[in-house]
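Per-entry structural report
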Amino acid sequence: MTTADQVLDALRAVKDPDLGRDIVALGFVKNLAIAGGRVAFDVELTTPACPVKDRLREQARAAVMTLPGVSEVAINMTAQVRHAAAHAGQTPDGLSRVKNVIAVASGKGGVGKSTVATNLALALARTGARVGLMDADVYGPSVPTMLGPADEAGGAKGEGVFAPAQKLGLKFISMGLFTGADTPVIWRGPMASKLIQQFLGQVEWGELDYLFIDLPPGTGDVQLTLTQVAPLMGAVIVTTPQEVAVGITIRGLRMFEKVRVPILGIVENMSMFVCPHCEQATPLFSHGGGRTAATELQVPFLGEVPLDPAIVVAGDAGRPVVSDGATTPAARAFTAIAERLAQQVSIVNDATARAARFQPEEVQVTEGAVLVRWSDGHVSRFASRALRLACPCALCVEELTGAPRLDPATVPADVQPNEVRPVGRYAFQFLWSDGHTTGIYSFDTLRGLDPAAPREKPAPRRLPVLDGGRTARPGGQS
């Protein structure tokens, strides 16, 4: 008779392509039951929007069916969104049961950021995830217009507690719910910041898998308040293809990097015009600026949203393009981007959780070597060339097999890092003197490259990072 250990051993051949580990090690296999030749179990993914769900199911079924005596395999695919790593500061009361807080930002106005935020939130809600949307644009709130009249109106529930409005299964709050459509908000920065703090701490969001925060354009008071108060697990950057828009967008991206908020990816909105009759795509402005920026900055490119007339019509009607399961080019684009975003949330959460075991206290680049002092007191010394040869990026290592693609003969003997940049709260990016810049080493990976490093878990600490003589402190201050 087939045993549980045999089933689990077979399932270790099935790997999550994003997290890079097998589904048994990841804890995805639940409720395993064996009755005669029938094997049944659940595969619990990290998001209901997982785009490789069907592939993992079939791989798991095929792996178990190879076992002798197995005649039937029943797999139930479920999802449990993981909670982001604990925030360094105190989490506002209203967000205590929110698993992932995601900022949607742009460096300039007019790029369709609110349209992107609203449709991504609804696309994830349609997969079964519990999703909220906070409109943080105090002076130009547009989310209530895009969503139309609420299915359930929010309002005061008691002293200092507000219930969000609800539409199409999405919880949302906006200054636009409290003012007339043509009423200007004439407030100074501190008043706007105070309102954002109330949205974070006094709105009863309840249990949410994802809370999107639609930021105003720029890098002003509201953005600073959110990065200091909200437990942001990551940020999505929205741009249009034009060079001037991409350039300004990069400034906004750098703001999040300075405060150690991971960049989940870039979305290029209004990428091209799609004919509503033949679906022929035509670049009206330019094309590919977002993808190019993502490549240069070494952040994920989540996708392109076309300039589709259906977006305008749907937004004006208060029914975003993804709300009714439409199959227009824009609806398909938003759905695909939402899936990639959910992937990135899972990847960053996994990497951050693993990195939390060992935090670097200090990084120094010396002649021919890189020194890392860890929070448990251990000091790792890596020869610069050996560290370069161990680069885990897709250009240096085959992603599926793990086989090396980098020819050691092409790496100079005197190669060394010109710069070491923190990536969120879980990795470093090394910019090497041979021109290679795509190497992102998670703390877990870096620790694993030192065979002498202790493997026990140290006490969690938040410590500054020294980069070439300059200390980068939490919050981006130097």
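Check the entry above for the structure.
Model, not experiment: these values are computed from the prediction.

The next subject is the overall build of the chain. If you tally the helices and strands in the chain, you get twelve helices and 23 strands. Buried positions account for 49% of the 478 residues belonging to the chain. Once local pairs closer than 6 in sequence are excluded, the contacts in the chain between residues at least 24 apart make up 67%. A total of about 21400 Å² of accessible surface is found on the chain, and carbon and sulfur atoms cover 52% of it.

With that settled, consider empty space enclosed by the protein. Summed over all chains, the structure comprises one cavity of 30 Å³ or more. Considered as a void within the structure, the largest cavity measures approximately 60 Å³ in volume. Here the lining of the largest cavity is built from residues that sort into four nonpolar, four polar and two charged.

Quick look at the nonpolar core now. Formed by 69 residues in total, the largest nonpolar core has its most connected members in Val131, Tyr210 and Phe212. Looking at which element gives the most residues to this core, the answer is helix α10 (residues 329-355), with eleven residues.

Along helix α1 (residues 4-11), the residues classified as buried are Val7, Ala10 and Leu11. Buried residues of α1 fall within an arc of 95° about the axis and therefore sit on the same side. Residues of α1 that are buried sit in contact with β1 (29-35), β2 (38-45) and α2 (53-65).

Our next topic: a nonpolar patch on the surface. A cluster of nonpolar side chains, Phe162, Leu177 and Phe178, forms an exposed patch at the surface whose accessible area comes to about 260 Å². Note on placement: phenylalanine 178 falls in the loop between β9 (170-174) and α5 (189-201).

Turning our attention to the side chain of aspartate 350. Position of aspartate 350 among the secondary structure elements: in helix α10. Exposure remark for aspartate 350: the relative accessible area of 17% places this residue in the buried category. Among residues more than four places away in sequence, those in contact with aspartate 350 are Leu19, Arg21 and Leu26.

Let us look at the packing of aromatic side chains. Counted according to the given criterion, the structure contains three aromatic pairs. A centroid spacing of 5.1 Å and a plane angle of 55° characterise the contact between phenylalanine 428 and phenylalanine 443, whose relative ring orientation is tilted. On the criterion of sequence distance, the pair formed by phenylalanine 428 in strand β20 (residues 427-432) and phenylalanine 443 in helix α12 (residues 443-448) is long-range, its members being 15 residues apart. Ring geometry for phenylalanine 430 and tryptophan 432: centres 5.5 Å apart, planes at 15°, overall stacked.

For the rest of this paragraph, the subject is the sheet that holds β9. Taken together, eight strands build an open sheet; the order of strands is β8-β9-β5-β10-β4-β11-β12-β15 and the sheet is mixed. Strands at the two margins of the open sheet, each flanked by one partner only, are β8 (165-167) and β15 (301-304). The sheet shows a mean angle of 25° between the axes of neighbouring strands, taken without regard to direction. Relative to strand β11 (residues 232-239), strand β4 (residues 101-105) runs parallel, the two sharing five bridges. Counterpart to alanine 105 in the pairing with β11 is isoleucine 237. Helix-sheet contacts for helix α8 (residues 289-297) involve β11, β12 (263-268) and β15, and the interaxial angle to β12 is about 155°.

The subject of this paragraph is the pattern of salt bridges. If you walk through the whole model with that rule in mind, you get 13 salt bridges. Across the pair aspartate 350 and arginine 21 runs a salt bridge whose closest N-O atoms are separated by 2.4 Å. One end of the pair, aspartate 350, is in helix α10; the other, arginine 21, is in the loop between α1 and β1, with 329 residues separating them in the sequence. Judged by relative accessible area, arginine 21 falls into the partly exposed class, the value being 22%. Here aspartate 434 ties to arginine 388 by a salt bridge, and the two come within 2.9 Å at their closest N and O atoms. Remark: arginine 388 occurs in helix α11 (residues 384-389) and aspartate 434 occurs in the loop between β20 and β21 (439-442); sequence separation between them is 46 residues. Since its relative accessible area comes to 4%, arginine 388 is described here as buried.

Burial within β4 is extensive, with five of its five residues counted as buried. Side chains Val101, Ala103 and Ala105 of β4 all project onto a buried face; the interleaved residues Ile102 and Val104 project onto the opposite face, where all are buried too. With four bridges joining them, β4 and strand β10 (residues 210-214) adopt parallel strand pairing. Each bridged residue has a counterpart across the sheet, and for valine 101 the counterpart in β10 is leucine 211.

This next bit is on the packing of helix α3 (residues 113-125) against α10. Helix packing for two helices is described by the angle between their axes and how far apart those axes are. Orientation of α3 relative to α10, taken along the N-to-C sense of each, is 75°, at an axis distance of 9 Å. Relative to α10, the element α3 lies roughly perpendicular. In this structure, α3 uses Thr115, Val116, Asn119, Leu120, Ala123 and Leu124 to contact α10, whose residues at the interface are Phe334, Thr335, Ile337, Ala338, Leu341 and Ala342. Within the contact of α3 with α10, the residues separate by chemical class into nine nonpolar, three polar and no charged.

Turning our attention to the environment of leucine 253. Positionally, leucine 253 belongs in helix α7 (residues 243-258). Linking leucine 253 and leucine 297, residues 44 residues apart in sequence, is a C-alpha distance of 9.5 Å. Setting aside its immediate chain neighbours within four residues, leucine 253 contacts Ile237, Ile263, Ile266, Leu297 and Val299.

As summarised here, the arrangement of the three strands in space is β19-β20-β21, forming an open sheet in which the pairing is antiparallel. What marks the edges here is a single partner per strand, and that holds for β19 (417-423) and β21. Going across the sheet, the axis of each strand differs from the next one's by a mean of 25°, ignoring polarity. One ladder, built from six bridges, connects β19 with β20; its direction is antiparallel. Looking across to β20, one finds that proline 422 is bridged to phenylalanine 428.

Cut-offs applied
Residues numbered from 1 in each chain as written. Predicted model: local features only at pLDDT ≥ 70, side-chain atom pairs only at ≥ 80, totals over all residues. Heavy atoms only, no water. Helix = DSSP H or I, 4+ residues; strand = E, 2+ residues; numbered from the N terminus. Buried < 20%, exposed > 50% of the residue type's maximum accessible area, 1.4 Å probe, protein only. Contact = heavy atoms within 4.5 Å. Areas by Shrake-Rupley, 256 points an atom, 1.4 Å probe, with all protein chains shown as cover. 1 Å grid on protein atoms, 1.4 Å probe; cavity = no way out; pocket = protein on both sides within 12 Å on 5 of 7 lines; lining within 4 Å. Points joined across faces, edges and corners; volume = space filled by probe spheres on them. Nonpolar A, V, L, I, M, F, W, Y, C, P; charged D, E, K, R; others polar. Core = buried A, V, L, I, M, F, W, Y, C linked by side-chain atoms within 4.5 Å. Arc of directions from axis to C-beta. Patch = residues over 30% accessible without salt bridge, like charges linked within 9 Å, V, L, I, M, F, W, Y side chains within 5 Å. Salt bridge = Lys/Arg side-chain N within 4 Å of Asp/Glu carboxyl O. Phe/Tyr/Trp six-rings, centres within 6.5 Å; stacked < 30°, edge-to-face > 60°. Pairing = 2+ DSSP bridges. Axes fitted to C-alpha atoms, helices over the stretch in contact; angles between N-to-C directions. Parallel < 35°, antiparallel > 145°, perpendicular 65-115°, else oblique.

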